[in-house]
Amino acid sequence: MTIEDNIQKLLSKREEAYSAGGEKRLESQRAKGKYTARERIHLLLDEGSFEEYDMFATHHSNEFGLDKQQFLTDGVITGHGTIDGRIIYVYSQDFTILGGSLSESYAKKICKIMDQALKVGAPVIGINDSGGARIQEGVKSLAGYAEIFQRNIMASGVIPQLSAIFGPCAGGAVYSPALTDFILMSKENSYMFVTGPKVAKTVTGEDISIEDLGGPDVHGKKSGVAHFISEDEEEGFLILRKLLSYIPQNNLEDPITTECDDPIDRKEDLLNQIIPDSPSKPYNIKDVIHAIVDDAEFLEVQRNYAANIVTGYAKFNGMPVGIVANQPNYLAGVLDINASRKAARFVRFCDAFNIPIITLVDVPGFLPGSAQEYGGIILHGAKLLFAYGEATVPKITITIRKSYGGAHDVMGSKQLRGDINYAWPSAEIAVMGPEGAVEILEGKHVRSIENPEEKEKYILEKEAAYRDKFANPFEAASYGFIDDVIEPRNTRFRIIRALKVLATKKDTNPPKKHSNIPL
Ligand code: HXC
């Protein structure tokens, strides 16, 4: 063979790999409105940056006619490329080859890039579109999944791991995305469940569609499994690229600060008027967020799940931060089980990857009632408390309005190592709201007043006295629990200055194998 022949052989092998599962299956993939595994990688990465590994990999099985179904790549495309110039490792499951099902060779390919990503210190993005374990390979396929799970676990908190779901993701296969930091589902074609509708029908008698069991609506709103829901695959890639702009390559690096044209001392007069006169009236905390961050850009995480707490990423003078904010517009911003879990996970990700946390507080307390108690609000609320107390990144807390009871302590309070705690003049920091406090402290006396008008007058007087004493920021400030009471319109500038001061902050936790967060 001449060198020319050898090169021709290489080129024809590459052609073979590019043909994936064949024209018919590629057509069927497109007919579903799905991109192919390769097209997805090219949409995700910077143009021309992808370098593929193991294009010539095949499986080594003969069972059930598999020896006659050999495809180069074996059903998953792996390698690395760049996003905004930063190295990213990626794998993309190819449904056109044996339904994207996972074999021993296929798992080895994914493990190879995960191992290298961990050594290099670069994020991994997995694009999922697969029928799960390759049935013909049996236990070897299960072992392959477990090899991936183990690597997901070792990489957790060291390099960011992102999952996109653009097709089926079922059975134990769901646990690799579940072990990663973020899951994005597309509104088209994506679903995730541990057991499908047929098994549900057989075991429990429940009749349910694929979408109602594990579609994007379910995981975006009900289960909280998905962090982002995109309209389609293209928007999904934009979201993933945007998300990466807020997070560093690994846990030893800081997030990248970018140029910013938005003036640092931009005053927002609307903030001085945003708090309604009545403490029970809602407003949208996202209006506050948009007003203070760079260019009003906020990437919200789990937007439709536990909407009583808002989490997401933004920048202040080009510095990436994570924002946690109670949402008075939804359930009065109360902390419940789902909100606690959502925010705890968010805080822990920020802490693991050196992203400062900005907390905006307007919380009336924990949601009362048997549903919450039976569901374990004690444990779930403790998760958020734990996450804040454990975090060593810069923590800046702004109390906007209510900060009552246990929820006050939880939401980035001074005693949970809040570095800089500001309050707006509208802040009410107390054990509970005036109505509840008067009911408990004065209930007996109130019940003894027979004249209704006199009773009403007495209650209002006591509530006013309580509000005067406690429902303000100055009582807390007099103990140093609040570092300064600030004018709302100056909030952006004060946060930026605080972030600058805290940029060199060092804090540690005692040496230990790991903590025992109340799971
Ligand atoms: C081998 C598979 C496969 C699998 C699909 N195919 N899933 N081959 N192992 N798991 C093949 C099909 O034979 C078919 O081959 C091609 O992929 C496309 O599949 P279709 O069924 O024609 O596609 P579609 O109608 O779109 O249905 C997609 C699907 C269905 C819903 C995902 O294929 C399906 O139910 N697959 C099995 C899912 C499953 O139960 N997996 C095991 C889960 S348990 P041809 O040659 O016709 O193109 C699991 C355990 C993991 O994964 C454990 C980890 C701990």
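Residues numbered from 1 in each chain as written. Predicted model: local features only at pLDDT ≥ 70, side-chain atom pairs only at ≥ 80, totals over all residues. Heavy atoms only, no water.

*Asks:* I'm lost on the site of the ligand in this one. Help?
*Replies:* If you check the shell around the ligand, you find 20 residues, and the closest are R25, G99, G131, A133 and I135. Alone, the ligand offers 1,000 Å² of accessible surface; in the complex the protein occludes 54% of this. Going through the elements one at a time, α5 (139-155) and β6 (168-170) are the ones with two or more residues in the shell around the ligand. For the shell around the ligand, the residue count by class is 11 nonpolar, six polar and three charged. (Near = heavy atom within 4 Å. Areas by Shrake-Rupley, 256 points an atom, 1.4 Å probe, with all protein chains shown as cover. Helix = DSSP H or I, 4+ residues; strand = E, 2+ residues; numbered from the N terminus. Nonpolar A, V, L, I, M, F, W, Y, C, P; charged D, E, K, R; others polar.)

*Asks:* Looking at this structure, I do not really get the side chain of T96. What am I missing?
*Replies:* Relative to the helices and strands, T96 is located in the loop between β3 (86-93) and α4 (104-120). Polar side-chain contacts of T96 include one of 3.1 Å to the backbone nitrogen of G21. Here D94 takes part through its side chain, which lies 2.6 Å from a polar atom of the side chain of T96. When near neighbours in sequence (up to four residues on either side) are disregarded, T96 contacts A20, G21, R25, L26 and Q29. (Polar contact = N/O pair within 3.5 Å; in protein donor to acceptor, adjacent residues only side chain to side chain. Contact = heavy atoms within 4.5 Å.)

*Asks:* Any chance you could explain the packing of aromatic side chains here in plain terms?
*Replies:* Considering all chains together, one arrives at 11 aromatic pairs under this definition. Judged by centre distance (5.0 Å) and plane angle (45°), the rings of Y313 and F346 are tilted. Of the two residues, Y313 is situated in strand β11 (residues 309-316) and F346 in helix α13 (residues 337-352); the sequence distance between them amounts to 33 residues. In terms of burial, Y313 and F346 fall into one category: buried. The rings of F182, F228, Y246, Y313, F346, F349 and F353 are connected pair by pair, giving a single aromatic cluster. When the ring centre of F95 is taken as origin, the NZ or CZ atom of K34, which lies over that ring, is 4.7 Å away. Seen from the ring of F470, K469 lies directly overhead, with NZ or CZ sitting 6.0 Å from the centre. (Phe/Tyr/Trp six-rings, centres within 6.5 Å; stacked < 30°, edge-to-face > 60°. Buried < 20%, exposed > 50% of the residue type's maximum accessible area, 1.4 Å probe, protein only. Lys NZ or Arg CZ within 6 Å of the ring centre and 35° of its normal.)

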